[in-house]
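Below, each chain spelled out in residue letters.
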Amino acid sequence: MGAGHGHEAKVLNTLKFAIDLEKGEPDLYFRSKQLSSYDAVLPRIGASITYFGTAVVRQFEQMDVFPANSSWGITNSRDKLRSLQILSRHHIGIPQTTFVRDRADILPAIERVGGAPVVIKLIEGTQGVGVILADSVKIAEAIIETLHSTRQNVLVQKFVKESRGRDVRAFVVGDQVVAAMRRIAQGSEFRSNVHRGGLTEAVELDEKYRETAVRAAQIMGLRIAGVDMLESDSGPQVMEVNSSPGLEGIERCTKLDIAGAIVDYIAAQVDFPEIDIRQRLTVSRGYGVTEIHIPEGSEYCGKSIDESGLPDHDINVLTLYRGTSVIPNPRLKRVLEPGDRLLCFGKLDAMRGLIPEKIIKQRRPKVKKLSKAALEGG
């Protein structure tokens, strides 16, 4: 990989690294010799060595070597609960999920995700291991109790019946989906993993699915990812974002040179090493990053960023969030609207006065969906 594109590539065993730390001099040793210089790394970290593997990637980041996937992105994606927590605050479709520890919470949790059949997942399972479909509430409760008794963390997830045994894997490189395939489970199996004998077919994704896959990877902090989505009646639902997606199956299925696309992408990005923005921006005393919300009726509504006086207070607007759209580096002439959220960097004292007093967010009461029979007056 890489040779045909004019680059030299080396495969280095993650566990053979030693991480050396010294004031101002983060360094790496490989097989006890100081590591020669590299322009970029493509992390392929096995699930069993996540802690050490992400530490090695983080060390490359401290040494300003470009990582195709950031250490925090890999950490996020390894934990199904953490992934869904991060995705759930953004407008990304995900299966309705709940996480409980107390026995008394199990039945209400199953009820909240729509009752049986229900999917039970081990948080750190891979390749379909630890994914169970429970047909009745009684069986679901027994399985969850058993797993809890062995100190396992489990998620309870709504079963999307219309996608039974089918899902889509979108291969994201940078801000593009470079390939996609549909995986179809065989026989009575509802898990579509290729490791479980699932069949694959190449698929051309529509705009909504492509956008969902790219945004999910970006939110997770991954530039190269396999995004697994269910095709539900309400659109794409992201099940998992994989930070070390396999190439072989999807290249064979789609006949596309995905490895080449990865190499070209890394070569184009090499000059932009991963920077922990909060770590760097908050080094200056009295400065920091915060989000300023523009509520309905705010004096800033209808004013441009320039007229709002933010720049005069030494406050820079890095990104403007408006509904589901993200406007990076907004111009000073951009007019602010109610509901805008501004990600700002500046003097904390100046920003403190602009953040409205915390109002406890009123929760919308959940409206229970009526069954078909109730709607028809049965």
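Above this text sits the structure in question.
Calculation notes
- Residues numbered from 1 in each chain as written.
- Predicted model: local features only at pLDDT ≥ 70, side-chain atom pairs only at ≥ 80, totals over all residues.
- Heavy atoms only, no water.
- Helix = DSSP H or I, 4+ residues; strand = E, 2+ residues; numbered from the N terminus.
- Buried < 20%, exposed > 50% of the residue type's maximum accessible area, 1.4 Å probe, protein only.
- Pairing = 2+ DSSP bridges.
- Axes fitted to C-alpha atoms, helices over the stretch in contact; angles between N-to-C directions.
- Contact = heavy atoms within 4.5 Å.
- Polar contact = N/O pair within 3.5 Å; in protein donor to acceptor, adjacent residues only side chain to side chain.
- Parallel < 35°, antiparallel > 145°, perpendicular 65-115°, else oblique.
- Nonpolar A, V, L, I, M, F, W, Y, C, P; charged D, E, K, R; others polar.
- Core = buried A, V, L, I, M, F, W, Y, C linked by side-chain atoms within 4.5 Å.

To continue, consider the environment of Val-289. Here Val-289 lies in strand β15 (residues 287-293). Residue class for Val-289 comes out buried when judged on its relative accessible area of 16%. Residues Val-289 and Lys-347, 58 residues apart in the sequence, show an inter-C-alpha distance of 8.8 Å.

Another aspect to go through is the pairing of strand β11 (residues 176-184). The pairing of strand β10 (residues 166-173) with β11 spans eight bridges and is antiparallel. When the bridges of β11 are listed, Ala-170 appears paired with Ala-180. As consecutive antiparallel partners, β10 and β11 are separated by two residues, and within that stretch Gly-174 has a phi angle of approximately 65 degrees, a positive value. Taken together, the four bridges between β11 and strand β12 (residues 199-202) define a ladder with antiparallel strand orientation. Residue Arg-182 lies in a different strand from β12, and its bridge partner there is Glu-201.

Before going further, it helps to examine the sheet that holds strand β6 (residues 97-99). Spatially, four strands are ordered β6-β9-β7-β8 in an open sheet, and the strand pairing comes out antiparallel. Each edge of the open sheet carries a strand with a single partner, namely β6 and β8 (131-134). Between one strand axis and the next, the sheet turns through 25 degrees on average, direction left out of account. Each of β6, β7 (118-122) and β9 (154-158) is contacted by helix α3 (residues 80-88), which is oriented at about 50 degrees to β9, the strand it contacts most.

Inspection of the secondary structure puts Ser-243 in the loop between β14 (235-242) and α7 (248-254). Residue Ser-243 is classed as buried on the basis of its relative accessible area of 4%. When the C-alpha atoms of Ser-243 and Ser-70 are compared, they prove to be 9.5 Å apart, with 173 residues separating the residues in sequence. Sequence-distant contacts of Ser-243, defined by excluding residues within four places in its chain, comprise Pro-43, Asn-69, Ile-74, Ser-77, Arg-78, Leu-222 and Ile-224. Polar side-chain contacts of Ser-243 include one of 3.3 Å to the side chain of Ser-77.

Let's shift gears to the packing of helix α1 (residues 50-62) against helix α2 (residues 71-78). Between α1 and α2, whose axes approach to 8 Å, the crossing angle comes to 160 degrees. Taken together, the axes of α1 and α2 lie roughly antiparallel to each other. Mapping the contact onto sequence places Thr-50, Thr-54, Val-57, Arg-58 and Glu-61 in α1 and Ser-71, Ile-74, Thr-75 and Arg-78 in α2. Per-class residue counts for the contact of α1 with α2 are two nonpolar, four polar and three charged.

Counting through the fold element by element, Gln-59 comes out in helix α1. The class of Gln-59 is buried, set by a relative accessible area of 4%. Setting aside residues no more than four positions away along its own chain, Gln-59 makes contact with Ile-19, Asp-20, Leu-21, Pro-26, Asp-27 and Leu-28.

Moving on to the nonpolar core. Counting residues in hydrophobic clusters, the biggest one holds 25 residues, and the most contacted among them are Leu-87, Val-177, Leu-205, Val-227, Met-229, Val-238 and Val-241. Of all the secondary-structure elements, those providing two or more residues to this core are β10, β11, α6 (207-220), β13 (224-232) and β14. The element best represented in this core is α6, accounting for seven residues. Apart from the residues lying within four places of it in its own chain, the contact partners of Met-229 are Asp-167, Val-168, Ala-170, Leu-205, Tyr-209, Thr-212, Ala-213, Pro-236, Gln-237, Val-238 and Met-239. Core analysis: the next-biggest nonpolar cluster, separate from the first, contains 15 residues, Val-113, Val-118, Ile-120 and Ala-140 among them.

Right, let's get into the side chain of Ser-83. Topologically, Ser-83 is positioned in helix α3. Note on Ser-83: relative accessible area 6%, which makes it buried. Looking at Ser-83, its side chain comes within polar contact range of the main-chain oxygen of Asn-76, at 3.1 Å. Residues within four places of Ser-83 in sequence aside, it is in contact with Asn-76, Ser-77 and Met-220.

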